[in-house]
Structures are given as C-alpha cells and as structure tokens.
Amino acid sequence: MRADFRAGERVRVRAVDPEGHTRVPRYVRGQVGRIVECQGRWALADEIAAGVAEPRVEPVYTVAFAAGDLWGEGGHEVTVDLWESYIERVREDGA
C-alpha cells in the first residue's frame, strides 16, 4: 500500500465512534489538520486489539492541528499520529 497523502496536504479526521478499541483521540475526531510526514506502514492497532489474525498494514501519518481549533486557545500546534483509514482528504471548498 502506498501513502495516499503528502506533506502539507489538508485532511479531516473521520468522526467515528467505534464499539471497540481505536487509536483516534476523541479530541481530533472531525477536525481538519495538515499532514506533516508519513511515519511508514504499521499494522492497524484497532485490529490488533480486536484479535484480527492478520491486521491491515497502513501508512501512519503525523498530522498537525492548530491548538486553538482543538482547545479554543493556544498559538501552537498539536501533532497526532494517525493511520490512513482514520483520515480523509479535504476538498478545496473546505468540505
């Protein structure tokens, strides 16, 4: 699987609330961030926790979010490492 996203690209974290384990922090769900870099490919932690014998292997990205967007204040960025299936491309019109 090749990395579908590039550094600088805007992405939105999928607003999901799965029944089982997920490595998507609630505070970034639905938020728009910027790809910093791809960290390589890793087995999907959600599937490992669920006991899937052969979990999917996906690119993992460091995604930066404006602290003000997450917390309502702060001039710095917050970075979170997210598997590719957790994010989606943001269209140019912002949707």
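For clarity, every value in this text was computed on a predicted model and none was experimentally measured. Along each chain, the written sequence defines residue order, and numbers are assigned to residues from 1. Given that this is a predicted model, residues contribute local features only at a pLDDT of at least 70 and side-chain atom pairs are listed and counted only at 80 or more, while totals for whole chains, interfaces and linings are drawn from all residues. Side-chain measures were taken over the full set of non-hydrogen atoms in the model, leaving aside hydrogen atoms and water.

### Quick word on the UniProt feature "domain: Nitrile hydratase beta subunit" (unreviewed entry) in the protein
Move 1: UniProt marks residues 3-88 with the feature "domain: Nitrile hydratase beta subunit" (unreviewed entry), using the numbering shown here.
Move 2: For the purposes of this entry, the term helix denotes a DSSP run of H or I that reaches at least four residues, the term strand denotes a run of E that reaches at least two, and both are numbered from the N terminus. Each end of residues 3-88 is marked by a C-alpha atom, and these two atoms are 13 Å apart; helix forms 12% of the span and strand 41%. UniProt positions are given in the numbering used here, feature names are shortened, and annotations may be inferred rather than shown by experiment.

### Considerations on the nonpolar core
Move 1: In these notes, a set of buried Ala, Val, Leu, Ile, Met, Phe, Trp, Tyr and Cys residues joined through side-chain atoms within 4.5 Å is what counts as a nonpolar core. Note on classification: 1.4 Å probe, protein chains only; a residue is buried when its accessible area is under 20% of the maximum for its type, exposed when over 50%, partly exposed between these limits. Core analysis: the largest hydrophobic core is formed by 21 residues, its most contacted members being Phe 65, Leu 82 and Ile 87.
Move 2: If you list the elements that add at least two residues to this core, you get β1 (10-13), β3 (57-66), α2 (67-71) and β4 (77-83).
Move 3: Any two residues whose heavy atoms approach within 4.5 Å at even a single point are treated as in contact. Those residues in contact with Ile 87, other than ones at most four positions away along the chain, are Phe 5, Val 11, Arg 12, Val 13, Arg 14, Ile 35, Tyr 61 and Leu 82.

### A short note on the pairing of strand β2 (residues 32-43)
Move 1: Note on pairing: DSSP must find at least two bridges between two strands before they are called paired. Bridge count for β1 against β2 is three bridges, and the pairing is antiparallel. Considered in β2, the bridge of Val 11 is made with Gly 33.
Move 2: Sheet topology places β2 next to β3; seven bridges connect them, and they run antiparallel. Bridge pairing in β3 places Glu 37 opposite Thr 62.

### A word on the pairing of β3
Both faces of the sheet carry side chains from a regular strand, because those side chains alternate between them.
Move 1: With respect to burial, β3 is a largely interior element, eight of its ten residues being buried.
Move 2: When β3 meets β4, the two strands line up antiparallel, connected through seven bridges. Along β4, the bridge assignment pairs Phe 65 with Val 78.

### What to know about the pattern of salt bridges
Proximity of charged atoms lets side chains of opposite charge pair with each other.
Move 1: Each salt bridge in this description consists of a side-chain nitrogen of Lys or Arg and a carboxyl oxygen of Asp or Glu lying within 4 Å of one another. Applying the stated criterion across every chain, the model contains seven salt bridges.
Move 2: For Asp 17, the salt bridge goes to Arg 26, with nearest N and O atoms at 3.8 Å.
Move 3: Connected through shared salt-bridge partners, Asp 17, Arg 26 and Arg 29 make up one network.

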